[in-house]
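Secondary and tertiary structure notes
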Amino acid sequence: MGRFPFPIPTGWFAVAFSSELEPGDVKPVKYFGKDLVLFRTSDGEAHLLDAFCPHLGAHLGHGGFLREDRLVCPFHAWEFDGKGKCKHVPYANKMPKKADVPGWLIHEKNGMILAWHDLAGREPFFEVPDVPEFADEGWTDIRTKQWTIKSCNQEMAENQVDTAHFQYLHGSTKMPEATVERRGPHLITKSGTGMSTPAGPVDGTLEVNAWGFGFTTTRFNGIVETLLMSSASPIDEDHVELRFAFMVRKIGKGITGGVGKAFMAEVSRQLEQDIPVWENKIYIDPPVLCDGDGPIGQFRLWARQFYPEGWREGSDVAAAK
Ligand code: FES
Ligand SMILES: [Fe+2]
């Protein structure tokens, strides 16, 4: 057993920012413990397939290219469409049966290409919403950052309800109270907080909306309004790719840019304080909690739905009581 017991969870997870994939691009990516190939056809649609060609196993993302919107294997030029269906074998008189590559379900929204993952192969049982501030004239374009972290989704997501660590790890001046509301796969966490800005510390409210582990919005409302969209995507059972996209409500030339920079710097600073804890900690179940801790048990109850049915039935529930 490793540092944590979790299988790769169910949900929508970013496999790229939209801006990273132009029509005609073919890229190797690694998520969900698998080698995959991501590409964009001329109609603007993104596609994600298992990486290995069923013929003799070439990686379609290393040297593969698009010809008339079909992904051509670099080894013997077999051609696959966006769903992974083998459409053409240039030197075969009879097309082989079973030559298809498994394809993945993709939704592109909020500047991210999100793929659905479920170990049991179930269809999506929830969707990621369109974020209204994204592409709103009153808000800046997104500015992005990303990190590869040796941890897992559940450990990183628990951060939002662990209010006590804000003071002791991040140096917040006060210990915020947090409330959580569980609405199926959607979790809403609200708390008061302080954020340091060039003009000194600013009080405000923090609202975190999570749709599973793979898509989260964090809205900070104080003197300024800022929004962070994030996606934590499992690379394998103990590595996560974390993507952040920052936006600020425009408040006048010059000021907006400064606020945006300060916001990005502050959120990144806090994250980089969390990383060494995440990369070295273990998961304790059940944890020893005290009355000042945030709603960690509630979070753990919510998190259970993103694992295969029947997985560790009954264990974390004790923490919520
Ligand atoms: S390995 Fe892909 S065409 Fe032969
Ligand atoms: Fe943190």
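A short tour of the structure in this document, coming up. (Residues numbered from 1 in each chain as written. Chains lettered and ligands numbered in written order. Predicted model: local features only at pLDDT ≥ 70, side-chain atom pairs only at ≥ 80, totals over all residues. Heavy atoms only, no water.)

Along the chain, D285 connects to P286 via a cis peptide bond; the corresponding omega equals -5 degrees. Its place among the elements puts P286 in the loop between α3 (255–280) and α4 (296–303). In this structure, E68 is a non-glycine residue whose phi angle is positive, near 50 degrees. In this fold, E68 is placed in the loop between β5 (65–67) and β6 (70–72). A relative accessible area of 77% means that E68 is categorised as exposed. (Helix = DSSP H or I, 4+ residues; strand = E, 2+ residues; numbered from the N terminus. Buried < 20%, exposed > 50% of the residue type's maximum accessible area, 1.4 Å probe, protein only.)

Here we take up the nonpolar core. Where a protein is soluble and globular, its nonpolar side chains tend to be buried together. F32, L38, L48 and F213 are the most contacted members of the largest nonpolar core, which has 49 residues in total. Ranked by residues supplied to this core, first place goes to strand β1 (residues 11–17) with 6 residues. Taken domain by domain, this core gets at least three of its residues from each of domain 1 (11–117) and domain 2 (143–302). Apart from residues no more than four positions distant in its own chain, F213 is found in contact with P9, F13, N153, Q154, A157, A232, F299, W302, A303, F306 and Y307. Judged by nonpolar contacts, the second largest core, of 16 residues, contains L60, L66, W78 and C86. (Core = buried A, V, L, I, M, F, W, Y, C linked by side-chain atoms within 4.5 Å. Domains from an automatic or database assignment. Contact = heavy atoms within 4.5 Å.)

The textbook angles at a metal center are 109.5 degrees for a tetrahedron of four donors and 90 or 180 degrees for an octahedron of six. With distances of 2.1 to 2.7 Å, the protein atoms coordinating the iron ion (ligand 2) are N159 (OD1), N159 (ND2), H165 (NE2), H170 (NE2), D274 (OD) and D274 (OD). Viewed at the metal, the 6 donor atoms of the iron ion (ligand 2) are separated by angles of 50 to 154 degrees, and the geometry they form is irregular. Site description for the iron ion (ligand 2): donor spacing in sequence, N-x5-H-x4-H-x103-D. On the criterion of sequence distance, the pair formed by H165 in helix α2 (residues 164–168) and D274 in helix α3 is long-range, its members being 109 residues apart. Accessibility assignment for this pair places H165 and D274 in one class, buried. (Donors = N, O, S within 2.8 Å, 3.2 Å for Na, K, Ca; no water. Tetrahedral: all angles 85-135°; square planar, octahedral: opposite > 155°, others 65-115°.)

Going through the model one piece at a time under the given rule, you end up with 2 cavities of 30 Å³ or more. In this structure, the largest cavity encloses a volume near 710 Å³. Mapped by element, the contributors of at least two residues to the lining of the largest cavity are α1 (153–157), β14 (186–197), β15 (200–211), β16 (215–221), β17 (225–236), β18 (239–248) and α3. Looking at the lining of the largest cavity, the element that brings in the most residues is α3, giving 7 residues. In this structure, the second largest cavity spans a volume of roughly 60 Å³. For the second largest cavity, the lining is made up of 14 residues, of which P9, C152, N153, P234 and E237 are closest to its centre. Looking at the lining of the second largest cavity, the elements that each hand over two or more residues are α1, β17 and β18. Here the residues of the lining of the second largest cavity sort into 8 nonpolar, 4 polar and 2 charged. (1 Å grid on protein atoms, 1.4 Å probe; cavity = no way out; pocket = protein on both sides within 12 Å on 5 of 7 lines; lining within 4 Å. Points joined across faces, edges and corners; volume = space filled by probe spheres on them. Nonpolar A, V, L, I, M, F, W, Y, C, P; charged D, E, K, R; others polar.)

Our focus in this paragraph is the sheet that holds β6. With antiparallel pairing, the 4 strands of this open sheet are ordered in space as β5-β6-β7-β8. The open sheet is flanked by β5 and β8 (86–88), the only strands paired with a single partner. Here 2 bridges tie strand β7 (residues 79–80) to β8, and the two strands are oriented antiparallel to one another. In the sheet register, F80 faces β8, and the bridge partner there is C86. (Pairing = 2+ DSSP bridges.)

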